[in-house]
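Examining the three-dimensional arrangement
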Amino acid sequence: MITEAPRPDLIRLSFDDGNASDCDIALSRLLGQGMTADFFPLSGRIDHEGSLTAEQIQTLAAAGMGIGSHGVAHRDWRRLPRQELREELIRSRAELEAVCGMPVTEAAIPFGSYNGRVLRALRRAGYRVAYSSDRGRMNPGAFLRPRSSVRGDMQDKDFADLLRGELRLARRLRRGLGMTLRQVPGLR
Ligand SMILES: [Zn+2]
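Now for a description of the structure that goes with this document. (Residues numbered from 1 in each chain as written. Predicted model: local features only at pLDDT ≥ 70, side-chain atom pairs only at ≥ 80, totals over all residues. Heavy atoms only, no water.)

**Re the coordination of the zinc ion**
Looking at the zinc ion, one finds its protein donor set to be Asp17 (OD), His70 (NE2) and His74 (NE2), positioned 2.0 to 2.2 Å from the metal centre. The sequence motif formed by the donor residues of the zinc ion is D-x52-H-x3-H. A residue pair is termed long-range when its members are at least 10 positions apart, and aspartate 17 in strand 1 (residues 13–17) and histidine 74 in the loop between strand 3 (66–67) and helix 3 (82–100) qualify at 57 residues. (Donors = N, O, S within 2.8 Å, 3.2 Å for Na, K, Ca; no water. Helix = DSSP H or I, 4+ residues; strand = E, 2+ residues; numbered from the N terminus.)

Take a look at the structure:
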């Protein structure tokens, strides 16, 4: 049970992959709580069954939700040759901008899988923010921002810790080291 209410102004929710439930379920709940969130649809799945339609993405944007890129086809950006990586970053953004009619400047990295080359490619392509899956608190001014996943099978205590942004010291150190090492050329 969550005994201490988290500060909603310190929590930012995001939804990856562009599932139809983003609009069918999440949107009305967010609006009901007076919250906004960021959505990162895969541009290659727009209008596919089970995924958001272009019209639904417009609805999300019109409701004040952020729209960002998660790439075209949910590929591991670390493993893509330079040209294909560029294509994932630039085409997905162009397709989303064409749908929602506003600039797309943020990206959520598929699988949270990045290295220094991926981050450089994101910056070169003009992105201003990249979300990973490194867990824990984010620095709202940073280019690379960690996120924590929420799963249906989580225990209440883990969820409460997550809402408070608390990571145990050992895990926090491991995360900081991991985020640094992932950006060192040649290590991954
Ligand atoms: Zn994803």
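There is more to say after this.
**Remarks on the side chain of arginine 182**
By the element assignment, arginine 182 lies in the segment after helix 6 (169–181). You can call arginine 182 buried: its relative accessible area is 16%. In terms of polar contacts, arginine 182 uses its side chain to reach the side chain of aspartate 134, at 2.4 Å. (Buried < 20%, exposed > 50% of the residue type's maximum accessible area, 1.4 Å probe, protein only. Polar contact = N/O pair within 3.5 Å; in protein donor to acceptor, adjacent residues only side chain to side chain.)

**With respect to the pattern of salt bridges**
All told, the structure shown has 9 salt bridges when counted by the stated rule. The residue arginine 79 makes a salt bridge to aspartate 76 at a minimum N-O spacing of 3.3 Å. You can call arginine 79 exposed: its relative accessible area is 63%. Here the salt bridges share partners, and the residues they tie into one network are Asp76, Arg78 and Arg79. (Salt bridge = Lys/Arg side-chain N within 4 Å of Asp/Glu carboxyl O.)

**A short note on the packing of aromatic side chains**
Enumeration according to the criterion identifies 2 aromatic pairs in this entry. Ring centres 4.8 Å apart and planes at 10° place the aromatic pair phenylalanine 15 and phenylalanine 39 in the stacked group. Note that phenylalanine 15 is positioned in strand 1 and phenylalanine 39 in strand 2 (residues 37–41), a separation of 24 residues in sequence. Judged by its relative accessible area of 23%, phenylalanine 15 is partly exposed. Across the ring face of tyrosine 127, the terminal group of arginine 93 is positioned such that the distance to the ring centre comes to 5.1 Å. Its guanidinium or amino end placed over the ring of phenylalanine 143, arginine 123 lies 4.0 Å from that ring's centre, counting from NZ or CZ. (Phe/Tyr/Trp six-rings, centres within 6.5 Å; stacked < 30°, edge-to-face > 60°. Lys NZ or Arg CZ within 6 Å of the ring centre and 35° of its normal.)

**A few points about the sheet that holds strand 2**
Pairing is parallel across the open sheet formed by 3 strands, whose spatial order is 1-2-3. Either end of the sheet is taken by a strand with one partner, and the two such strands are strand 1 and strand 3. Strand direction decides the pairing type here: strand 2 and strand 3, joined by 2 bridges, are parallel. The residue of strand 3 that forms the bridge with aspartate 38 is glycine 66. Along the sheet, helix 1 (residues 21–32) makes contact with strand 1 and strand 2, crossing strand 1 at roughly 175°. (Pairing = 2+ DSSP bridges. Contact = heavy atoms within 4.5 Å. Axes fitted to C-alpha atoms, helices over the stretch in contact; angles between N-to-C directions.)

**As for the pairing of strand 1**
Taken together, the 5 bridges between strand 1 and strand 2 define a ladder with parallel strand orientation. The partner of aspartate 16 across the bridge, within strand 2, is phenylalanine 40. The parallel pair strand 1 and strand 2, bridged by helix 1, forms a crossover whose chirality is right-handed. (Right-handed = clockwise from strand over helix to strand, strands pointing away.)

**A closer look at the sheet that holds strand 4 (residues 106–108)**
Across the sheet, which stays open at both edges, the 3 strands sit in the order 4-5-6 with parallel pairing between neighbours. The sheet terminates laterally at strand 4 and strand 6 (144–145), the two strands that pair on one side only. Of the strand pairs in this sheet, strand 4 and strand 5 (residues 129–131) are connected by 3 bridges, and their pairing is parallel. Paired with glutamate 106 across the strands is valine 129, a residue of strand 5.

**Some points on the nonpolar core**
Ranked by internal contacts, the top residues of the largest apolar core, which has 34 residues, are Ile57, Ile67, Trp77, Leu89, Ile109, Leu119 and Leu122. Those elements giving two or more residues to this core turn out to be helix 1, strand 2, helix 2 (54–62), helix 3 and helix 4 (116–124). A total of 5 residues in this core trace back to one element, the largest contributor, which is helix 3. Discounting chain neighbours no more than four positions away, the residues touching leucine 89 are Trp77, Ala121, Leu122, Ala125 and Tyr127. (Core = buried A, V, L, I, M, F, W, Y, C linked by side-chain atoms within 4.5 Å.)

None of this, on its own, says anything about what the molecule does.
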